[in-house]
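What the coordinates show
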Amino acid sequence: MSASTATTAPASAHATTRKARRRSAVLGVVAWAVGIGFCLPALWMVLTSFHAEADAATNPPSIAAALTLDGYRAFFGGGGGPTPWPPLVNSLGASFFSTVLVLLLALPAAYALSIRRVRKWTDVMFFFLSTKMLPVVAGLLPVYLFARNTGLLDNIWLLVLLYTSMNLPIAVWMMQSFLADVPVSIIEAAQVDGARLPTVLRRVVAPVAGPGIAATSLICFIFSWNELLFARVLTGVVAGTAPVHLTTFVTSQGLFLAQLCAASVVVSLPVLVAGYAAQDKLVQGLSLGAVK
């Protein structure tokens, strides 16, 4: 190898390294910009929640306006308004119990579709998927008539049943992929030792597929917590949920923007806390099966 060739090789490698670093830096800046862009509406909502109504309603918005807790005081009934605790409790109860029911039903269904596969299991999976193709508003009138004729209007347990049926197809689809990664050998070993199906599901399948179950439960909880259409139509004073309570800040007198933002922040906190607490399980569960 000549001296000129030996000198050119390190220079070329150094130039390639610089280009790679520059490309990485540009991609990092773009990623941060996109991330900030996604978070900007939420940050703006939090900032507006600490403004007075007069400052929140200015156009263009007043960013440097004085901060106050009046919006949060009004949300929690400080100004003589309705208390938010019953709607929050209703949302928590409907989301929690529907998620528990979904897991109890989806785990054996996913077991039958992934580990002990039934005949034509792909048709069954397509049937679960097809139930999500119907627009939600198309089923609103039949559900309302059923609730009215059975005396279940303004009943929290009707929401539990509805949220269970709405989230069950998603849960079965997710858990089917998670349970497909469970080694069949450990299930067969447990069955050889005399374990029956409930024991296998509880003590063998559930611990191994724990991250997937955690991800499924969190997504079902979020979907139930955020649901508005059925709760708005089928509930009233007794079983109203937190999203329904948010709509009370849009009145004929105008939009109370600061109070609405404060209420939105409070209503979003349970989901954010649950997601932060289970973020490891959520990422692990959603990434199962992504790399074979």
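Right, let's walk through the structure included here. Values in this document were obtained by computation on a predicted structure and should not be read as measured data. (Residues numbered from 1 in each chain as written. Predicted model: local features only at pLDDT ≥ 70, side-chain atom pairs only at ≥ 80, totals over all residues. Heavy atoms only, no water.)

Attention now moves to helix α6 (residues 140–150). Side chains that are three or four residues apart share a direction in an α-helix, a result of its 3.6 residues per turn. Within the span of α6, buried status applies to L140, V143 and A147. The buried residues of α6 occupy an angular sector of 70 degrees when the element is viewed end-on, so they sit on one face. Residues of α6 that are exposed and angled more than 90 degrees away from the buried face: L141 and N149. Turning to α6, the residues buried within the fold contact α7 (156–179) and α11 (229–234). (Buried < 20%, exposed > 50% of the residue type's maximum accessible area, 1.4 Å probe, protein only. Helix = DSSP H or I, 4+ residues; strand = E, 2+ residues; numbered from the N terminus. Arc of directions from axis to C-beta. Contact = heavy atoms within 4.5 Å.)

Take the side chain of H51 next. Here H51 shows up in the loop between α1 (3–49) and α2 (53–56). Here H51 falls in the buried class, since its relative accessible area comes to 4%. Once you skip the residues sitting within four places of it in the chain, H51 turns out to touch A56, S62, I63, A65, A66, L67, T68 and A258.

Right, let's get into the packing of helix α4 (residues 85–114) against helix α9 (residues 197–208). When two helices pack together, their arrangement is given by the angle between their axes and by how far apart the axes lie. One can describe the packing of α4 onto α9 by two numbers: an axis separation of 11 Å at closest approach and a directional angle of 95 degrees. Relative to α9, the element α4 lies roughly perpendicular. Of α9, the residues touching α4 (which contributes L107, P108 and Y111) are L197, V200, L201 and V205. Considered class by class, the residues forming the contact of α4 with α9 number 7 nonpolar, no polar and no charged. (Axes fitted to C-alpha atoms, helices over the stretch in contact; angles between N-to-C directions. Parallel < 35°, antiparallel > 145°, perpendicular 65-115°, else oblique. Nonpolar A, V, L, I, M, F, W, Y, C, P; charged D, E, K, R; others polar.)

This part takes up the packing of helix α10 (residues 210–226) against helix α13 (residues 257–277). At their nearest, the axes of α10 and α13 sit 11 Å apart, and the two run at 175 degrees to each other. Relative to α13, the element α10 is oriented roughly antiparallel. Contact with α10, carried on its side by L218, I222 and W225, involves V267, P270, V271, A274 and G275 of α13 and no other residues of that element.

This part is about the environment of L260. Summarising the element assignment, L260 is placed in helix α13. With 212 residues separating them in the primary sequence, L260 and T48 have C-alpha atoms 9.3 Å apart.

By the element assignment, L88 lies in helix α4. Here L88 falls in the buried class, since its relative accessible area comes to 13%. Between the C-alpha atom of L88 and that of P243, which follows or precedes it by 155 residues, the distance is 8.9 Å. Once residues within four sequence positions are removed from consideration, L88 is found in contact with W225, A242 and V267.

According to the stated counting rule, one finds 7 aromatic pairs in the structure shown. Ring geometry for F96 versus F97: centroids 5.4 Å apart, planes at 75 degrees, classification edge-to-face. Counting every residue linked through ring pairs, the aromatic cluster contains F75, F76, W85 and F249. (Phe/Tyr/Trp six-rings, centres within 6.5 Å; stacked < 30°, edge-to-face > 60°.)

Moving on, we get to the nonpolar core. Judged by nonpolar contacts, the single largest core of 27 residues is most densely connected at Y111, L179, I187 and V205. No other element matches the 7 residues that α7 contributes to this core. Apart from residues lying up to four places away in sequence, V205 is in contact with L107, Y111, L179, I187 and V200. With 15 residues, the next largest nonpolar core counts L88, A242, L246 and A263 among its residues. (Core = buried A, V, L, I, M, F, W, Y, C linked by side-chain atoms within 4.5 Å.)

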